[in-house]
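Descriptive structure summary
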Amino acid sequence: MSGLQGVGLLLLWGSACLWLPGLARGALVISGEHEALQETRGGAKSLQKRSTNDVTVEVYSVKVDCTVTSRFAHTVMTSKARNKANLSQEIFFEVELPKTAFIVNFSMEIEGQVYVGEVKEKEKAKKQYEKAVSSGQTAGLVKASGRKMEKFSVSVNIAAESNVTFILTYEELLQRKLGQYEILTRVKPKQRVQEFQIVTNIFEPQGISHVDTHATFLTNELLPLVEKTVTNNKAHISFSPTMEQQRKCPDCDGTLIDGDFVIKYDVNRAKSLGDIQVVNGYFVHFFAPPDLPRVPKNVVFVIDRSTSMRGRKIIQTREALLAILNDLHEEDHFALILFDSHIVSWRESLTKATKENVKEGMDYVRKIHETGSTNINDAVLRGVNMLVKDRQEKKLLKRSIDMIILMTDGMPNVGETSLPRIQENVRSAIGGNMSLFCLGFGNDVDYSFLDVMSKQNKGVARRIFEGSDAAVQLQGFYEEVANPLLSEVDLRYPDNTVDSLTTNHYSQLFNGSEIVVAGRLMDNDLDNFLVEVFGQGFEEDFEVQGQASAMDWDMMYPDEEYIFGDFTERLWAYLTIQQLLEKSKSDAPDEKANTTAKALDMSLRYSFVTPLTSMVVTKPETEDGPDSPLIADKLTEEQRQQAERMIYRYAATPSYAYQPPPPTYFVDGDPHFMIELPDRDDALCFNINDKPGTILNLVRDPKQGILVNGQTIGDKKIPPDGKINTYFWRFGIVHQTLGVRLEVSTRDISVFQDGKRVKLLWSDTASVKGPNVDLLLTKDRSLTVTLKDSVKFVILLHKVWAKHPYHQDYLGFYTLDSHLLSPSVHGLLGQFYHGIAYELSDLRPGEVPEKPDATMYVKGQELNVTRGWQRDFRRDVKNGENVPCWFIHSNGTGLIDGDVTDYIVSGLFKTV
């Protein structure tokens, strides 16, 4: 790279973004939150804010254009930037797209020259860029980004005063889940953009029943900017805020646009045959008949309770099962099988889901606790045998559906441990007579093993991500399969009329889902195109037939220019490739090679980036080097899981055979809140920025009568950088049950009990033991407060040079033995005392090179977090010890319950 060495900007949207790691003067762009990750008070700031006048790269256009034609979505993301400097700069283009989508095109236009990505067989592409890899260049352009998305990013060197246009195109077939389709667009500009636009056009000949639009960043002011026009068979949604409307606050340049823009819709379903569309020699058949009665189900829950499920996993499993059992219909039957080293059945056969039986089942679930090893083979076989036996003894309704739902987080390590043998045992026992659904918790589970085993047995596997919403994920999956409508569904077409059919036999049709079949017409013959659908319903067999006919698209949409007319062919190709890739996972070795070859051939023919192909992107030659190829791959679920395992190990300390110390929760500095989690070798941190004098509730345990509030103090005057630092200078501690009240300030310590007051000075060294509270005071350093049979607090004194022009003395607050508090404890610190479940993914460069960013899923939200450091002063009150942590921005928004204003109280010993 020439010119500004190391300067980079990342065009962020869709998630297109601009990333600027460095400037010619050596200053770095950072936010206020990033500054807080540097030295705590008084330390020289090595990073400085940069004036917007210094920005030399302007992103002036960001557009997302999505066209959906009969569920097939074609999305084009375009971003334009201008290098306003008199030196060349490296510009990064980054977008997030749904993991179910296939990239079909990428191009860069630089000074009239267009550079286009080319889809090639993965092995050939690999050989092409091996030389680039060996020279130390980064080859991969696609990385996992959370549960639903993957990130595409590429960089290019742009000459002085030049423009660049990036265009990425991807396609996907929208899947109907719980009665609707979802179009998800992730937008993270990180700066205001002159021309920002999201436009979606939906064309559904069946007619559109409803369209809902929301975004995680929509305020009351932005909401009217979402324009939505819906007619019978077309919907137009657009969102195009001006630069001023994008502004985060009146006096700042930050943007409000940061998050997910989501459109959900469904279509009319008047015909029981479904909807058939024929365009250019290809047809697609959508089948989801209305008003079918649900078929009763017989479901066996096989639940892992091995020691690896300890803690949050088993709690969430119990929570989800209680909700699931409560939703069973009375004609359903259910069973509960627990497994560790041993297999334990609640009852020896399935139980009818009467109110009384469900209540007894829920009582049993509440008592599930973890113990032992993991015997998956015998547990699943126990469930299969239970269903087989009950069928033989005619205890189950003849027209009902049998299913097993396996929940596990680990690898089998007792009993049969060979994964292929377990798969074969289960397949042989089931014999095609029931469905197996596998739910895998976390990153240690072998997802590939569960995925194949499910597909071999008419089911699907689903990953359950570690996070506070794991129970919601479990319930969400169950809702998808909770209401079967038909079993053994066959969609039939005349042999002499069609060929190249996608899968046209399905084991089940569930309420809220949809079956899609596509194929090619021979000779475009519609006269003999008779369609038949058969299935087994609740009371009788389902049978319907009808004649398909071609629709006149020009007549239906007369005012539209052609809406990519080959959409039925591309939909057919997309669906065929997806099904071939899935089939290859469970094929025998000799069949697998043939299946894979077909999928590869179609991927190349239709320019889809699939797990078998790669898109080669050639960066233009610069004075620093020749053309250099980069690679965009399609990630498999196993590759995504591996990436997540790596991020969990990021900055982790070596693992030894010892019991990790208990968690520590503290607030110190400006004020920096820290949650240390030794069992994960990790920590979370956030800052609270408010005006001096604010009193915040830190801990509140109404059951034990414990309350801790803290009051902030500001600098003596405004420092040269204009940023007023705030710190805690006074704490109020109350134990109502014990009749104890303490007021601790930077000046002195007062203890009130039984109408008496004891006053201590920080210049003392003292040990005070009372019937309900013990105090240990170390001169000018620390105060340890031990409440009888309860929690222990440590308060540190930070003394500052009395003549310091800006800073003042302040206090730090640390919690020990927090497990002794009740489950109802809350507050800015207290809410974390009983653990916090979260997951991390998508490790990526941050604004500061040594502080990468990542995506965190916590409390059902998705947050951008930054790796940083806070200081723990317990051992060294003067200098502290650096503790790496994941920093949550914006006053801990998304991590803390509610908003920071919810924790502001009116007095040092008050709750409101």
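This next bit is on the sheet that holds strand β10 (residues 163–173). Spatially, eight strands are ordered β6-β5-β10-β3-β2-β12-β15-β14 in an open sheet, and the strand pairing comes out mixed. What marks the edges here is a single partner per strand, and that holds for β6 (113–116) and β14 (226–230). In this sheet, neighbouring strand axes are inclined to one another by 10° on average, regardless of whether the strands run parallel or antiparallel. Sheet topology places β14 next to strand β15 (residues 234–239); five bridges connect them, and they run antiparallel. Paired with K228 across the bridge in β15 is I237. Its contacts with the sheet place helix α11 (residues 567–586) against β2 (57–69), β3 (72–83), β5 (102–110) and β10, and it is angled at close to 70° to β10.

Counting 60 residues, the largest nonpolar core has F106, F152 and F239 as the members making the most contacts within it. Here this core takes six residues from β2, the largest share from any one element. Beyond its immediate chain neighbours, meaning those up to four positions away, F152 contacts F93, E94, V95, L97, I103, F106, L141, V142, L168 and A632. By size, the runner-up hydrophobic cluster in this structure holds 56 residues, among which are I675, L677, L684 and I888.

Our next topic: unusual backbone geometry. In this structure, D291 is a non-glycine residue whose phi angle is positive, near 60°. With respect to the helices, strands and loops of the structure, D291 is situated in the loop between β18 (282–287) and β19 (297–304).

Time to look at the sheet that holds strand β16 (residues 259–267). Spatially, three strands are ordered β11-β16-β13 in an open sheet, and the strand pairing comes out antiparallel. The strands lining the two open edges of the sheet, one partner per strand, are β11 (181–187) and β13 (208–215). Strand-to-strand twist of the sheet, defined as the mean angle between neighbouring strand axes without regard to direction, takes the value 10°. Across seven bridges, β13 lies against β16 in antiparallel orientation. Among the inter-strand pairings, H210 is bridged to a residue of β16, identified as D266.

Once that is clear, we can look at the environment of K585. Here K585 lies in helix α11. Owing to a relative accessible area of 32%, K585 belongs among the partly exposed residues under this scheme. For K585, the residues in contact, after removing those within four places along its chain, are D451 and V452. At 2.9 Å, the side chain of K585 forms a polar contact with the side chain of D451.

Definitions and limits used
Residues numbered from 1 in each chain as written. Predicted model: local features only at pLDDT ≥ 70, side-chain atom pairs only at ≥ 80, totals over all residues. Heavy atoms only, no water. Pairing = 2+ DSSP bridges. Helix = DSSP H or I, 4+ residues; strand = E, 2+ residues; numbered from the N terminus. Axes fitted to C-alpha atoms, helices over the stretch in contact; angles between N-to-C directions. Contact = heavy atoms within 4.5 Å. Core = buried A, V, L, I, M, F, W, Y, C linked by side-chain atoms within 4.5 Å. Buried < 20%, exposed > 50% of the residue type's maximum accessible area, 1.4 Å probe, protein only. Polar contact = N/O pair within 3.5 Å; in protein donor to acceptor, adjacent residues only side chain to side chain.

Purely spatial values, then, with no claim about function.
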